[in-house]
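Structural description and commentary
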Amino acid sequence: MVDEAHERSISTDIILGLLKKIRRKRPDLRIIISSATLQAKEFMDFFMRSSDDQASKGNGDAKDAAATIVSLEGRTYPIDILYLESPAEDYVEKVINVVFDIHTQESEGDILVFLTGREEIDNALEAVAERMAGLDARYGPLMPLPLYAGLSSEQQMYVFDKPPDGTRKVVFSTNIAEASVTIDGIVFVVDTGFVKLRAYNPTTGIESLTATPISKAAASQRAGRAGRTRPGKCFRLYTEQSYQTLPEANVPELQRSNLAPVILQLKALGIDNVIRFDFLSSPPAELMSKALELLYALGALDEYAKLTKPLGSRMAELAVEPMMAKTLLSAQSFGCLSEILTIAAMTTLSGSVWFHHDGERKKMETSRRKFAVEEGDHLTLLNAYQAFVTKGKKEAKFCHENNLNYKSMTRAVSIRAQLKRYLERFSINVDETLAGQASSSSSVDNTKKAEQIRRCLTAGYFAHVARMQPDGTFRNVEGGTVLYAHPSSLMFNRKADWVIFHEVMETGSKIFIRDLTKIEKAWLLEYAPEFYKVADRPG
DNA sequence: GAGCACTGC
């Protein structure tokens, strides 16, 4: 049974393609796909139409492929949908007006507001607090609460509390409340019609994260959050006319992502001809070729696009992105496997490692500087982890004092252990005793070890390279794209020359690189000669 | 001077 297939995530799309393939050998296999009503037919058509391979073999038996749509009545109560008569100029401002209108004019019941991100949510909370002061005494107070993934779980739990009598709860949430988190007692939904969506540009290799209009399917999912306990209302902060222009369904994640991990996984499952794979919706050819190029450059695929052994098949098994997988599998030869294991675990969580309460931003920066390592962010993360694991029972206190997210740090420990088990399965042994001794005499201060780590990172991240300009901004290797060190990086406002980075992302008007480490230009030619033979420019 | 959500045990 494949649930929530209409969300079109990479994993459900891939598994549907695989199941269709498996059904050719296992016609007795019954597959249940649950999805929103609107998309049901698309899934049925996918399973009914014969794939290319099937047609050529002439065994596309229509009876075997028979599929049925079974409709189940939802258990939700009726929901009134209301639209704006004219478009809103500033939807955050509009949100506040609508929240107060609901509070003063509608019956009891909590409110759920969909916004796009943390910044908007913080602004909305502030605006509600301001407006509350002027609220007529005959109305009870509002209890505004934030909800987004970046909050600690303790902070997230508040949204489930029942408000005191006479108080109305207003939850300002990101898309996390659309499907992942369900709050009971919501009677009113305010839908701004936007969501922040990741997209990957195969020409530049840059990901973007931008506010995008939602689909009709998402709009109905959001509205449905109002009718879980009794009839509700959904206020859409756009006109009915703009609603009609929205796309029916979400753009499948496979059509807007870096496909390198997907292709690696398909190859590992024995699907060599990934171009001919029976996708529910085919990804653009540019995404495919960009991913194949990267995997070839990393050595995971040979010149016939076959998975290499053992490198490619091992990379596919590791639950980290291909560039980090390559780094991990190179680490033994650089003599820094224990350290790279930690760095791999920490970078997967790097966004949530540092933690601060309201108004404690300065304190967090001071804490972070305590662990700072001149050579860059990866070594700084390693340093913080090594300090954490030596604290034993005092780990939680240590985190609290140093603005480290305890939950993230314990997760890093478990991810590291998991990655280590993978490597041991490949008979790659991790010598922790040596690393332990080194760390007690502060291995990170050891410049030789640091250089091994930086070289090893270059062997995996040679495609993510930038050079700092005299003005402090960075340029990519081609030279055309201006990149900024993310403010969370040590290289923000510091001098550097060549760096590798973990991630590049465009938000707002700037392109940020995150998790930077200084490298030598010569290492690029040493570890990725073919990749840089063409791309290299004088200087 | 700042990032939506999800996943790996």
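Now for a look at the structure at hand. (Residues numbered from 1 in each chain as written. Chains lettered and ligands numbered in written order. Predicted model: local features only at pLDDT ≥ 70, side-chain atom pairs only at ≥ 80, totals over all residues. Heavy atoms only, no water.)

Quick look at the packing of aromatic side chains
Enumeration according to the criterion identifies eleven aromatic pairs in this entry. Consider the rings of Phe334 and Tyr527, whose centres lie 5.3 Å apart with planes at 75 degrees: the pair is edge-to-face. Of the two residues, Phe334 is situated in helix H12 (residues 322-334) and Tyr527 in helix H21 (residues 521-527); the sequence distance between them amounts to 193 residues. On the basis of relative accessibility, which here comes to 15%, the residue Phe334 falls in the buried class. On the numbers, 5.9 Å between centres and 45 degrees between planes, the contact of Trp354 with Phe371 is tilted. With Trp354 in the loop between helix H14 (350-353) and helix H15 (361-370) and Phe371 in the loop between H15 and helix H16 (377-389), this pair connects stretches of sequence that are 17 residues apart. Assessed through its relative accessible area of 6%, Phe371 is described here as buried. Note that Lys20 overlies the ring of Phe46, its terminal NZ or CZ placed 4.5 Å from the centroid. The aromatic ring of Phe100 is capped on one face by Arg131, whose charged end is 4.6 Å from the ring centroid. (Phe/Tyr/Trp six-rings, centres within 6.5 Å; stacked < 30°, edge-to-face > 60°. Helix = DSSP H or I, 4+ residues; strand = E, 2+ residues; numbered from the N terminus. Buried < 20%, exposed > 50% of the residue type's maximum accessible area, 1.4 Å probe, protein only. Lys NZ or Arg CZ within 6 Å of the ring centre and 35° of its normal.)

A look at the packing of helix H13 (residues 337-348) against H16
It is at 9 Å that the axes of H13 and H16 come closest, and there the two elements cross at 100 degrees. As far as their axial angle goes, H16 and H13 are roughly perpendicular. Side by side, H13 and H16 meet where Glu339, Thr342, Ile343, Met346 and Thr347 of the first sit next to His378, Leu381, Leu382, Tyr385 and Gln386 of the second. (Axes fitted to C-alpha atoms, helices over the stretch in contact; angles between N-to-C directions. Parallel < 35°, antiparallel > 145°, perpendicular 65-115°, else oblique. Contact = heavy atoms within 4.5 Å.)

Some points on the packing of helix H1 (residues 10-25) against helix H2 (residues 40-48)
Viewed as axis vectors pointing N to C, H1 and H2 meet at an angle of 35 degrees, and their least axial separation amounts to 10 Å. The interaxial crossing formed by H1 with H2 has right-handed handedness. Residues Leu16, Gly17, Leu19 and Lys20 of H1 form the contact with H2, whose participating residues are Phe43, Phe46 and Phe47. For the contact of H1 with H2, a count of residues per class yields five nonpolar, one polar and one charged. (Left-handed = near helix turned anticlockwise from the far one by under 90°. Nonpolar A, V, L, I, M, F, W, Y, C, P; charged D, E, K, R; others polar.)

With respect to the protein's contact with DNA strand B
In the vicinity of DNA strand B lie 28 residues, with Ala149, Lys196, Arg198, Thr507 and Arg514 positioned nearest. Here, DNA strand B places atoms within 4 Å of the protein, and 53% of those atoms are sugar or phosphate. Within the backbone of Ala319, one N or O atom sits 2.5 Å away from a base nitrogen of DNA strand B. Between DNA strand B and Gln418, the relevant distance is 2.7 Å, taken from a sugar or linking oxygen to a side-chain nitrogen or oxygen of the residue. Taken together, the elements giving at least two residues each to the surface near DNA strand B come down to strand S6 (194-201), H15, helix H18 (406-425), strand S12 (498-507) and strand S13 (510-518). (Near = heavy atom within 4 Å. Polar contact = N/O pair within 3.5 Å; in protein donor to acceptor, adjacent residues only side chain to side chain.)

Some points on the environment of Ile453
With respect to the secondary-structure elements, Ile453 resides in helix H20 (residues 447-461). Leave out the neighbours within four places in its chain, and Ile453 touches Cys336, Glu339, Ile340, Ile343, Leu379 and Leu382.

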